[in-house]
Amino acid sequence: MSKEALFKEIFQANSKKIYHLCYGYTGDDETANDLMQETFMKVWQNLDKFRNQALISTWIYRIAVNTCLSYLRVEKRQPKDELTENIIETRGEEISDKNEQVSALYKCIARLEENERIIITMVLDELPYAEIADISGISEGNLRVKIHRIKQKLTELYNRHERF
Amino acid sequence: MKDFEALKSIWHDQVALPKVSHEDVLKKVRKTRNGLASRLLMEMIGMGIFVAGLIYVWIESPFKMWTTHLAMIIFIACCIYYIIAQIGNYRRINHNNLLDKPEVYIKYLTKYKHDRYIFNTRKYSIYSIFCTAGFILYFIEIAFITSFWVTVIGIVLTFLWIGFCYFVLMRIYIKREEAKLEEMIQNLERLHKQFEDTDH
């Protein structure tokens, strides 16, 4: 398989999840696209080294996490209160209700600490705990405790948001 | 009241899609690589031409005093130092450390920022001192071969320029960099604490 074909395959398999991670971290669609692009540029540059790796998604996530973290070093930007409208496509009233829920969820994620945003996005995308531990560099035991707390915090934030 | 499973189901219902395709990424890779390479090349060529010019002047001009020869050595050494520092900077920027664990990566970023700050402040001061010393030594011989006023004008204009760069432009730059750096370091330290593998 050519390098370009392999890259296309990897991009199609992972881009959506990486985009969600970047969106969850920044709370901004445009920046999320920029960070995702930067992540995959690094993936392309390192592709030869990882051609035969079994868990290619782990190092893509690692690159994405570090790219997101370095985003703050360039310019301190807080996640936007009003998320852009293109979080989800609008398809009638039923979808509009879902839009609001997704928007509210992103707003609540934006209120978490940076590492919590990264971890919970991976939990929501159903990554195995062992993989999340590997990506974040936190031991599995501590990660389980952390995840439990973040889940509680996010649920609380969401329910509070729904009440008001 | 919703539980976490309900939030998970909301998350999976979203149909947010990235606006960037794999072709866009590859286009950007090519553009960035060419841009960076040409910028590096232009800087190297520019400085290389300047050093060659200095060496030519040094060989062709009938300098008689040791002070002028020393001035030339200082100027050339400053240029070579600049080239080496630039190459080092580009190498560091391109150093692939994105696969490090977040905690290690944040440590690297913090150190990198500190080093850049030292480069832009302390090392620039040393660089300016050497350039000034070079000009002082150079003007000693100039004073003997040209008229008094030409020497005075030359010295005044040169030192005004060095003084302006050091006391005005560099001070503004350092002040801005310091504020930005302080904020970045604070952010990085906060992030570092978050990734510490402790149960707190």
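As shown above, the structure is provided for reference.
We now turn to the structure provided with this report.

Cut-off values and rules
Within each chain, residue numbers correspond to sequence positions counted from 1 in written order. Just so you know, chain letters begin at A and ligand numbers begin at 1, following the order they were written in. Per-residue local features are limited, in this predicted model, to residues with pLDDT of at least 70; the limit for side-chain atom pairs, both in listing and counting, is 80 or more; totals at the level of whole chains, interfaces and linings are taken over all residues. No hydrogens and no water enter the side-chain calculation; it runs on all heavy atoms of the structure. Here a strand is any run of E in DSSP of at least two residues, a helix any run of H or I of at least four, and the numbering for each starts at the N terminus. Under the scheme applied here, a residue whose accessible area is under 20% of the maximum for its type counts as buried, over 50% as exposed, and between as partly exposed, the area being computed with a 1.4 Å probe on protein chains only. By the convention used here, residues are in contact when the closest approach between their heavy atoms is within 4.5 Å. With residues, only the protein chains shown are counted as cover, and all accessible areas are computed by Shrake-Rupley using a 1.4 Å probe. Radius of gyration here is computed from C-alpha atoms only, and the compact-globule reference equals 2.2 Å multiplied by the residue count raised to the power 0.38. What is called the bend at a residue is the angle between a pair of axes, fitted to the seven residues leading up to and ending at it and to the seven starting from it. A side-chain nitrogen of Lys or Arg and a carboxyl oxygen of Asp or Glu constitute a salt bridge if their distance falls within 4 Å. By definition, the buried area sums, over both parts, the 1.4 Å-probe accessible area that each loses when the two are put together. Counted as a polar contact is a pair of N or O atoms within 3.5 Å, where, for protein atoms, one must be capable of donating a hydrogen and the other of accepting one, and residues adjacent in sequence contribute only when both atoms are in side chains. Pairing of aromatic rings covers Phe, Tyr and Trp, the last through its six-membered ring, and needs centres within 6.5 Å; plane angles under 30 degrees mean stacked, over 60 mean edge-to-face, and all others mean tilted. By definition, being over a ring means that NZ of Lys or CZ of Arg is both within 6 Å of the ring centre and within 35 degrees of the ring normal. A pair of sulfur atoms, both from cysteines and within 2.5 Å, is called a disulfide here.

**Notes on the overall build of chain A**
Stage number 1. Tallying secondary structure elements over chain A gives eight helices and zero strands in all.
Stage number 2. In chain A, the succession of helices and strands from N to C terminus is α-α-α-α-α-α-α-α.
Stage number 3. Among the 164 residues that make up chain A, the fraction classed as buried is 57%.
Stage number 4. Within chain A, contacts between residues at least 6 apart in sequence are counted, and of these 66% link residues at least 24 apart.
Stage number 5. Summed over all atoms, the accessible surface of chain A reaches about 7700 Å², with 44% contributed by carbon and sulfur.

**Section: the overall build of chain B**
Stage number 1. Looking only at helices and strands, one finds five helices and zero strands in chain B.
Stage number 2. Element order for chain B, N to C, with α for helix and β for strand: α-α-α-α-α.
Stage number 3. Taking 200 residues into account, the globule formula puts the C-alpha radius of gyration at 16 Å, and chain B, at 26 Å, lies well above it.
Stage number 4. The C-alpha extent of chain B, read off along each of the three principal axes, is 90 × 40 × 25 Å.
Stage number 5. Here chain B, with 200 residues, has 36% of them falling under the buried criterion.
Stage number 6. For chain B, restricting intrachain contacts to residue pairs at least 6 apart in sequence, the fraction spanning at least 24 positions comes to 75%.
Stage number 7. Counting only carbon and sulfur atoms, one obtains 68% of the accessible surface of chain B, whose full area is about 12600 Å².

**Observations regarding helix 1 (residues 3–26) of chain A**
Stage number 1. The largest bend along helix 1 of chain A measures about 50° and falls at A:Asn14.
Stage number 2. Downstream of helix 1 of chain A by one or two residues, A:Gly27 has phi in the positive range, about 70°.

**Details of the pattern of salt bridges**
Residue and element names in this part refer to chain A.
Stage number 1. As enumerated under the stated definition, the model contains 11 salt bridges over all chains in all.
Stage number 2. For the salt bridge of Asp134 with Arg62, the shortest nitrogen-to-oxygen distance reads 3.6 Å. Of this pair, Asp134 sits in helix 7 (residues 129–136) while Arg62 is found in helix 4 (residues 56–74), placing the two residues 72 residues apart along the sequence.
Stage number 3. Classification of Asp134 by relative accessible area gives partly exposed; the value is 39%.
Stage number 4. Note on Arg62: relative accessible area 9%, which makes it buried.

**A closer look at the interface of chain B and chain A**
Stage number 1. With 50 residues of chain B at the interface, the matching set in chain A holds 69 residues.
Stage number 2. It is B:Phe4, B:Trp11 and B:Leu98 in chain B that bury the most area against chain A; as a group they hold 14% of the surface buried on that side.
Stage number 3. Applying the counting rule to chain B against chain A returns five salt bridges.
Stage number 4. A salt bridge links A:Glu126 to B:Lys8; its shortest N-O distance comes to 3.7 Å.
Stage number 5. Here chain B and chain A share 13 residue pairs in polar contact (both at pLDDT 80 or more) between them.
Stage number 6. Every element with two or more residues in the side of chain B that touches chain A is listed here: helix 1 (4–13), helix 2 (22–60), helix 4 (102–145) and helix 5 (148–195) of chain B.

**Remarks on the environment of B:Thr68**
All names here are of chain B.
Stage number 1. Assignment of secondary structure puts Thr68 in helix 3 (residues 66–94).
Stage number 2. Judged by relative accessible area, Thr68 falls into the buried class, the value being 0%.
Stage number 3. With 69 residues separating them along the chain, Thr68 and Leu137 place their C-alpha atoms 5.8 Å apart.
Stage number 4. When residues no more than four places from it in sequence are discounted, the contact partners of Thr68 are Phe63, Leu137, Tyr138 and Glu141.

**A few points about the packing of aromatic side chains**
Stage number 1. Here the structure, examined in full by the defined rule, presents 15 aromatic pairs over all chains.
Stage number 2. Relative to A:Trp44, the ring of A:Phe7 has its centre 5.3 Å away and its plane inclined at 80°; by these criteria the two rings are edge-to-face. Here A:Trp44 lies in helix 2 (residues 29–45) and A:Phe7 lies in helix 1, a separation of 37 residues in the sequence.
Stage number 3. The exposure class of A:Phe7 is buried, given its relative accessible area of 0%.
Stage number 4. Connected via pairs of aromatic rings, a cluster forms that spans B:Phe63, B:Phe75, B:Phe135, B:Tyr138 and B:Phe139.
Stage number 5. One cation-aromatic arrangement involves A:Lys3 over A:Trp44; the distance from NZ or CZ to the ring centre is 4.2 Å.
Stage number 6. Directly above the aromatic system of A:Tyr25 lies the positively charged group of A:Arg117, at a separation of 5.5 Å from the ring centroid.

**With respect to the state of the cysteines**
Stage number 1. All told, the structure shown has zero disulfides over all chains when counted by the stated rule.
Stage number 2. Sulfur of A:Cys108: no disulfide; nearest cysteine sulfur belongs to A:Cys68 and is 19 Å away.
Stage number 3. Since its relative accessible area comes to 1%, A:Cys108 is described here as buried.
Stage number 4. Here B:Cys79 is not disulfide-linked; the sulfur of B:Cys78 is the nearest cysteine sulfur, at 6.9 Å.

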